[in-house]
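Spelled out from the first residue to the last, the chains are:
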Amino acid sequence: MVQIIPMLPQPSTTLPGCSERPTVIKEAEPLSRRALAILLKFTQRTGYQHPYLQVMVQNYAVLLRELGKEEEDIRRELEALGRRYGVDIAE
């Protein structure tokens, strides 16, 4: 017999203004940066842009905006990440 377990709301699906949201966003930043680094490394090593690279760049920029970073700081951070892997990812 299959037991059905009700789904509990995940942090990303909770109501806006929930006290968990800032914590979740802060925790997501290093994970997103790492995911972006993996796609950049793929691009560097293969010479082919990973199909999800631009989406990840855009998502990471949105996350940085959510953290309150200024556009110029976001641009500099993305450029620095790209330079590290020899990939132009300017948004």
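The structure presented is a predicted model; accordingly, all values stated were derived computationally and were not measured. (Residues numbered from 1 in each chain as written. Predicted model: local features only at pLDDT ≥ 70, side-chain atom pairs only at ≥ 80, totals over all residues. Heavy atoms only, no water.)

Q: Describe the packing of helix α1 (residues 21-46) against helix α3 (residues 71-85), with residues and values.
A: Closest axis-to-axis distance for the α1/α3 pair is 9 Å, and the angle between their directions is 40°. Here α1 lies oblique to α3, going by the angle between them. For the pair α1 and α3, the crossing hand works out as right-handed. Where α1 approaches α3, its residues Glu-29, Arg-33, Leu-36, Ala-37, Leu-40, Lys-41 and Gln-44 are matched on the opposing element by Glu-77, Leu-78, Leu-81, Gly-82, Arg-84 and Tyr-85. Split by residue class, the contact of α1 with α3 holds 6 nonpolar, 2 polar and 5 charged. (Axes fitted to C-alpha atoms, helices over the stretch in contact; angles between N-to-C directions. Helix = DSSP H or I, 4+ residues; strand = E, 2+ residues; numbered from the N terminus. Parallel < 35°, antiparallel > 145°, perpendicular 65-115°, else oblique. Left-handed = near helix turned anticlockwise from the far one by under 90°. Contact = heavy atoms within 4.5 Å. Nonpolar A, V, L, I, M, F, W, Y, C, P; charged D, E, K, R; others polar.)

Q: Can you break down the environment of Leu-64 residue by residue, with the values?
A: Tracing the backbone shows Leu-64 in helix α2 (residues 53-66). The class of Leu-64 is buried, set by a relative accessible area of 0%. Along the sequence, Leu-64 and Glu-29 sit 35 residues apart, while their C-alpha atoms lie 7.5 Å from each other. In this view, Leu-64 contacts Glu-29, Lys-69, Ile-74 and Glu-77; residues no more than four positions away in its chain are not counted. (Buried < 20%, exposed > 50% of the residue type's maximum accessible area, 1.4 Å probe, protein only.)

Q: Which residues make up α1, and what values do they have?
A: Side chains three or four residues apart in an α-helix point the same way, a direct result of the helix having 3.6 residues per turn. The end-to-end C-alpha separation of α1 is 37 Å, in line with the 38 Å expected for 26 residues at 1.5 Å each. Most pronounced at Glu-29, the bend in α1 amounts to some 30°, and the proline Pro-30 follows within four residues. The set of residues buried in α1 consists of Ile-25, Glu-29, Ser-32, Leu-36, Ala-37, Leu-39, Leu-40 and Thr-43. On its buried side, α1 packs onto α2 and α3. (Expected span 1.5 Å × (residues − 1). Bend = angle between axes of the 7 residues up to and from the residue.)

Q: Explain the pattern of salt bridges to me, using residue names and the numbers behind them.
A: In this structure the tally under the stated criterion is 7 salt bridges. Here Glu-29 ties to Arg-33 by a salt bridge, and the two come within 2.8 Å at their closest N and O atoms. Taken together, the positions of Glu-29 and Arg-33, both in helix α1 and 4 residues apart, correspond to about one turn of that helix. The buried category is assigned to Glu-29, whose relative accessible area is 13%. Look at Arg-33 and you get partly exposed, because its relative accessible area is 34%. Where Arg-76 meets Asp-73, a salt bridge forms, and the shortest distance between an N and an O atom there is 2.4 Å. Taken together, the positions of Arg-76 and Asp-73, both in helix α3 and 3 residues apart, correspond to about one turn of that helix. Taking the relative accessible area as the measure of exposure, Asp-73 reaches 31% and is therefore partly exposed. Bridged by salt links that share partners, the residues Glu-72, Asp-73, Arg-75, Arg-76 and Glu-79 form one connected network. (Salt bridge = Lys/Arg side-chain N within 4 Å of Asp/Glu carboxyl O.)

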